[in-house]
Every structure is written in C-alpha cells, then in structure tokens.
Amino acid sequence: MTHTDSHTDVTAPLLQVSGLKVHFPLRPGLFGKPAAMVKAVDGVDFTVHHGETLGLVGESGCGKSTTGLAVLRMTPLTEGRIVFDGEDISHPDAATTKRLRRKMQMVYQDPFGALNPRMRVLDIIGEPLRVHRLTRTRTEYRARVMDLLDRVGLKAEMADRYPHEFSGGQRQRIGIARALAAEPSLIICDEPVSALDVSIQAQVINLLEDLQRDLGLTYLFVAHDLAVVRHLCHRIVVMYLGRVVEVADRERLYQAPRHPYTRALLGAIPIADPDPEIQARFNPSVDGEVPSPIDPPPGCPFHPRCPHATELCRREAPRPIDVEDGHSVACHLHDPSRATEMTHPEPSYQEQARNIA
Amino acid sequence: MFTETSMATAEAAPRNEPAPTLLRVENLRTVFEKDDGLVHAVNDVSFDVRRGEVLAIVGESGSGKSITAMSLLRLIPSPPGQIIGGQVLFDGQDLLDLSDDAIRQIRGRDISMIFQEPMTSLNPSLRIGRQLAEPLRVHGSVPKGKVRERCLELLRQVRIGDPEKRLDAYPHELSGGMRQRVMIAMGLACLPRLIIADEPTTALDVTVQAQILELLRDITRANQSSMMLITHDLGVVARYADRINVMYAGRIVERGTAHDIFHRPRHPYTVGLMASMPRLDDAIGNRLTPIPGSPPDLSDPPSGCPFHPRCRFAQPRCKQERPPLERLDEEHWKACWVNLDDTH
Ligand SMILES: Nc1ncnc2c1ncn2[C@@H]1O[C@H](COP(=O)(O)OP(=O)(O)OP(=O)(O)O)[C@@H](O)[C@H]1O
Ligand SMILES: Nc1ncnc2c1ncn2[C@@H]1O[C@H](COP(=O)(O)OP(=O)(O)OP(=O)(O)O)[C@@H](O)[C@H]1O
Ligand code: SF4
Ligand code: SF4
Ligand SMILES: [Mg+2]
Ligand SMILES: [Mg+2]
C-alpha cells in the first residue's frame, strides 16, 4: 500500500467511492436463521474533488450518516471500494487507519453531545495535536490552540473554560476548531447547523465558507436542509433508501432536477416568501413515506411513491445514466434504451394523489 | 402612534373588516422558578386570534412560543412554572379564572393542541382506536354507538389508509408520519374552534411535512376553525400563516400580515432573521448576514430592549428603556425605538 501526498496530483479526485454497501444485521437470527439486514447503504458511487464541497442530501434514514462513517472508516464495508488521496482504504491496516484519523475529520450535528464535558476547551481542541504528536512543547501546543480559537472566531481566554459554559453556536465553533487541528484534507460535516437557531446557523455557515477559502479545505457535507445545501455545496448527491438517485452541480440540481424523487423533494420545501406567485411553485407531488431499509421494495426503491412507475420499475433497479456532463440520474425515464418499456398513459400528480387518498 | 392598550378602540372601527376575534390574550406573564432566580418565559404578551385565520408564532428556541401556547390552556407544569398575570378571553370568559373542571371541558372540545412529538403524546400501551375515542367519550360529542364510526371517519379524513386495521394498531406499529396524522385526528375529533399546533411537523421529513401541513390547513378551513401555528421554520410560516407574531426573549417584538413580516419587516430582529436565512431563490454565492451573538439568558435578561446586545441599530436609549409594542398601520406592529424603512 503506497501513500501519495495530497499535493502531488490535485486533478485526481480526493475521494472516490464506488459500489459502497453497508448492511447491518438487525438482530441475531433465532435458531440459526439468518439475521434480517438493514440495507443502510446499498450501492453508492460518488467522487469528491480537492477544494470542493459535496453535499449528501436525502430524508431521514436514507443512509447519509452511514456513508460518512464508511468514508471515515468507522464502520465496516459490506461491499465496495473507497479510494482516498490515491490510496485504496477499503481494508486499511492499523497504520493506515491511524493516518486516516488525522487526514479526515468529522464535525457532528449535536454540539452538546460531541464534546467531552470534563475537558477544558484547550484540551478538546488540542487533543488531535497530542494524539498525532503535532506539537513539541507545551508553549507551542497552547499557541497552536490559540491560533485555532482565533480562526473560528472565539476568544483566547475561552481556552480554559468547559463546554457547558458555551452556547450552541460557540460549541459548534469548538468542534470545528478541533477538526481543523490536525490539518486534515477532508472534513465530513454531518448536519453541522441543523441543531442551531436560524440566526446562529448563518454564523457557522459563513465560518465554514471562510475556512474553505482560506485553507483550501474539502468538505463532504451531510444535511437534509436543501436551502443550506444549495448555499454551501458545489455539487450535490441525492440519496433515497440507501442509493444515489441523482448527482449534479447545484445550478442544475435546483433549476432542472431530473429524478422524480428530487423533484418531489424540492417541490415539498416551503419557500420563505408569501407571494402567491412564488407559492405557486410549491408542489408536494408525492404521497406516502420512505419505506424501511430492512425490506426495501424490489426494482426502483422509489417506485411505490413514484407517479411514473411502470412494470419495469417494479422489476428492475435503474442504473445511473449521464444525462449531461456531470449530471447523472438513476431512473428508467432517463434511459433511452428503456424508452419503449416506459411509455404508458401517465396519471398526473394530482390524479395520483387522489388515487392514494 | 397607538400603543397596545388602544388596540380595542382601533378595532372597533376597522377599515377593511378583520374577522371577529375568537380568542384574546392580554398581558400574559408566565414565569419559572429556578435556583438562580425567576425565568420570565412569557413576558407581557398580548395578541388575538381571529375566526378562520392561521396565526403564526415564530421565534428562536427558548423565546417562549410553547410556554405561551401552554399557558392559554393552563398546561404549565407547576411548580416550577406559574402564570402570574394577564387574561385569556374566550367566549367572554377568562380561561385563567375557570375552575379546573371547566378548563378541562374546553381542552380538546373547543381548543385542542397538537404537539411536536407524537411518540411522547400518544400512550404507547393503548391501541390507536382507544386513544382516538378518548376525547369523544370525555366530551360526549357523539352517541356511544357512533364512536367507532366517527373514529374511522377521522382516520379517513387524515388520509390513513386501511383505517379499520389501524384502529387496532399500537403507536409503535405506525410510522412517524402516521402517528402525527393520528395526533391531528385526535385534535380534530370534537371539531374544535381553535387548534394550537406546536411544531406539528418538525420531526418529520419534508415530503411528509408537506402532506400533513396541507391536510391540517384544508381541514381547519373546511371546519371554519382557527389555527395557532407555532414554528421556527420561516418557509412554513410564509406558506400557511395569515398573520405572524415574532417573539424574542419572551416578548412579541413584531406582528403583521405575512406580507408585512416577509416583505416589509420593521423590527431589527426580524430584519436580521430574514438576512441570515439561506433561501432557495437567493443568488448563488450570496453571503449570509448573521445576527451576531446569541439569544439572551432569560433568568438575566438585558436591560431596556432585550435585543440591544445584538442589534446593529442600537442607540444609547435602547439600553435603558424598553420600547412598547406600537402600531405602524392597520395590521403591523413593532417594539423598537428606531424607524427602519425598506432599505435595511
Ligand atoms: N449501527 C446500526 N445498526 C443497525 N441499523 C443502523 C445502524 N446505523 C444506521 N442504521 C440504520 O440504517 C439506516 C440509515 O441510517 P443513517 O443514520 O445513515 O441515515 P441518515 O440518512 O443519516 O438519517 P438522518 O437524516 O435521520 O440522520 C437507518 O434505517 C438506520 O436506522
Ligand atoms: N419546565 C421548565 N422549567 C424551567 N424553565 C422552563 C421550563 N419550560 C420552559 N422553560 C423556559 O421558558 C423559556 C421559554 O420556553 P419555550 O418552551 O416556550 O420556548 P420555545 O420558544 O417553545 O422554544 P423551542 O423552539 O425550543 O420549542 C425557555 O427559556 C425555557 O428555559
Ligand atoms: S425508475 Fe421508475 S419508479 Fe423509479 S423514479 Fe424512475 S420512473 Fe419512478
Ligand atoms: S429598540 Fe434599539 S436595540 Fe431594540 S431593536 Fe430597536 S434599535 Fe435595536
Ligand atoms: Mg444522519
Ligand atoms: Mg417549543
């Protein structure tokens, strides 16, 4: 296994995930029966380029966090391959794992649970410096932590306080400073602002943007708030029930979504403007709820809720099709080779809704 | 300029006939006793709910939205909480003066409440049918022999498929969205005149949230009821609210029609909220303008205007004197010393 330095080839993607599957046994099967499996991630492909923010979106339980944890190599892979910085990390040895713990960092959703309440901020932020022996003297260590505090907009005198003395937004800054300490090349942010009030969210969003600009950071940004994702992410991966349904840059994803699920998702977001003309764009076109990943529907995972579903969709899972450069969609509707099997008198969204009701 | 107390006179001669008032809250105050002093969770709050309208209450976490709603129905845990002042006028009677029996009659029959967490508000060991029948039984709204029929009708109304089967299900056998629909069905059971919905969809996915909010709005409209919608989601507010109260640190700081609040906000906090929120129709690359600092600690609130430590328009006066809620025009009110215009 060779380790290539991240600065040697910036045109190659920083992270490449292919055919990723993560299945969890639900509970041990009785009398030797095979355990039921939760197919949390069930065939996911994406790449992350140097210096970009890639968004991972989708509704609760679609496998976003599990994907993040798999990339961090904190959960075993069932199948698939992860290449980070030119190195296959699908089955890392101890030394590789140690190096990854430094090169990839995580920022968590819950700024209250993620910090050790008995540690001072100085040592919370400094822990990666100690673990990876990145500073030699106590003075250097303290100076480095002061730098990090300053970077994230906290005051030097806060170093000696404990987490409970900070507000939610401040704790999230502490979490970010800690993630920066080891100078990682990839930061995985799992819902970093969703626990914060609107007025505080913007502070953290701006901080993440500034850090990326100043330090050239790469983010994998997991979130369900599509307005936040549009603001922060250059490209977006939409997941549904453990699979990727659409990948596009933000302009195309928000202006011309192709997958029926992406359309439904975007149509269901209430827009913060009471103007009737703008409200007319609101179109919550799907009924029902996301099925369980324990017993996912056969064929296309979206077919039970999709207004365009055909016999083919119920039988066969669609493969991702490139509809334009950098825009791929996993839906039979967009596969020219399946066109004949997809023609049927389509009920309108409204008719569909009435049928379900 | 009018002040809060002149509201009644102003409403006696309305220009474009607002709907009649269903519920009026006057100078409500609710406190919590804590080791380090009193928390003024709801501090001199006044507003009314009109017939047939959706009235929203928005504000950050801890600003007093839920405690306001719970105070109306006297659901404040006491101790440590206590309503220490004000009136809640409904049908000419003050709900805060009623006997415990009388307020219990009002709850669920005339005014019902739908909470955020369906799992904690449904009893996990009782079948859905039993729980749905409870308000009908308590208030005797339908004859005994018709209860099951009414339950089925309610489940159909909230679009739960296969209602006969669902009557026998336990809460854990239903999805989050279905449990929330059951909560709504319970809230609607006795055709209340006012529904208080406290973050009714916050725990749900956006596609499910849309289904449920549309449903809730359609049903309240069909029943000609009013709804008090509590949320921190400005998108939800823009879509469903007729009028909006913006709360900050236990007080209403701005009130207006949805158009007023979104297109001509006049309180610096509301202006700040609008600028700090990423929007789906922003220009890409737009920088957000956050509100600096964080919400105040209500056991030690700032002097004067509660927003002054975070306000970019603050003046020396703001630290000393608290601005009253004053009327700007027919529907638009604000509590701020400074006169902002559209350029901010
Ligand atoms: N360790 C585990 N054991 C069993 N099931 C798991 C485990 N971790 C996750 N799951 C299940 O896998 C699915 C995907 O979970 P995951 O946390 O990745 O979703 P998510 O997209 O992050 O959702 P959310 O938006 O709610 O955070 C869920 O059904 C979850 O219950
Ligand atoms: N049981 C309690 N004991 C002590 N203080 C309480 C209690 N319940 C609420 N409070 C205080 O009352 C204030 C208002 O709380 P409330 O629940 O109304 O906020 P909210 O606006 O509904 O917030 P959220 O958006 O988080 O639901 C808070 O500052 C809180 O600290
Ligand atoms: S493959 Fe079929 S069911 Fe799936 S999203 Fe496309 S049209 Fe709908
Ligand atoms: S009264 Fe003063 S501090 Fe308060 S919101 Fe108005 S300008 Fe700001
Ligand atoms: Mg998650
Ligand atoms: Mg609340």
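These notes cover the structure that comes with them. All values derive from a computational prediction rather than experimental measurement.

1. A word on the packing of helix 3 (residues 121-131) of chain A against helix 4 (residues 138-151) of chain A
Residues and elements named next belong to chain A. At a closest axis distance of 10 Å, the pairing of helix 3 and helix 4 adopts a crossing angle of 115°. Between helix 3 and helix 4, the angle falls in the class roughly perpendicular. Seen along the crossing, helix 3 lies across helix 4 with a hand that is right-handed. Here Val 121, Leu 122, Asp 123, Ile 125, Gly 126, Glu 127, Leu 129 and Arg 130 of helix 3 lie close against helix 4, whose contacting residues are Arg 138, Tyr 141, Arg 142, Arg 144, Val 145, Met 146, Leu 148 and Leu 149. Here the residues of the contact of helix 3 with helix 4 are counted per class, giving nine nonpolar, one polar and six charged.

2. Here we look at the pairing of strand 11 (residues 321-324) of chain A
Residue and element names in this part refer to chain A. Two elements, strand 11 and strand 12 (residues 327-329), share three bridges in a ladder whose sense is antiparallel. Across the sheet, residue Glu 324 finds its bridge partner in strand 12, namely His 327. A loop of two residues connects strand 11 with strand 12, the two strands running antiparallel in sequence, and Gly 326 in this loop sits at a positive phi of about 75°.

3. A closer look at the interface of chain B and chain A
At the junction of the two partners, chain B supplies 46 residues and chain A supplies 43 residues. When chain B packs against chain A, close to 3700 Å² is buried across both sides, 58% of that on carbon and sulfur atoms. Across the chain B-chain A interface, the total number found is four salt bridges. Of the charged contacts in the structure, one is a salt bridge between Asp 287 of chain A and Arg 159 of chain B, with a shortest N-O distance of 2.9 Å. For the pair chain B and chain A, the interface holds 25 residue pairs in polar contact (both at pLDDT 80 or more). Those elements that place two or more of their residues in the side of chain B that touches chain A are helix 8 (176-188), helix 9 (206-222), helix 10 (234-240), helix 11 (258-263) and helix 12 (268-276) of chain B. Residue composition of the side of chain B that touches chain A, grouped by class: 20 nonpolar, 15 polar and 11 charged.

Basis of the calculations
- Residues numbered from 1 in each chain as written.
- Chains lettered and ligands numbered in written order.
- Predicted model: local features only at pLDDT ≥ 70, side-chain atom pairs only at ≥ 80, totals over all residues.
- Heavy atoms only, no water.
- Axes fitted to C-alpha atoms, helices over the stretch in contact; angles between N-to-C directions.
- Helix = DSSP H or I, 4+ residues; strand = E, 2+ residues; numbered from the N terminus.
- Parallel < 35°, antiparallel > 145°, perpendicular 65-115°, else oblique.
- Left-handed = near helix turned anticlockwise from the far one by under 90°.
- Contact = heavy atoms within 4.5 Å.
- Nonpolar A, V, L, I, M, F, W, Y, C, P; charged D, E, K, R; others polar.
- Pairing = 2+ DSSP bridges.
- Buried area = accessible area lost by both parts, 1.4 Å probe.
- Salt bridge = Lys/Arg side-chain N within 4 Å of Asp/Glu carboxyl O.
- Polar contact = N/O pair within 3.5 Å; in protein donor to acceptor, adjacent residues only side chain to side chain.

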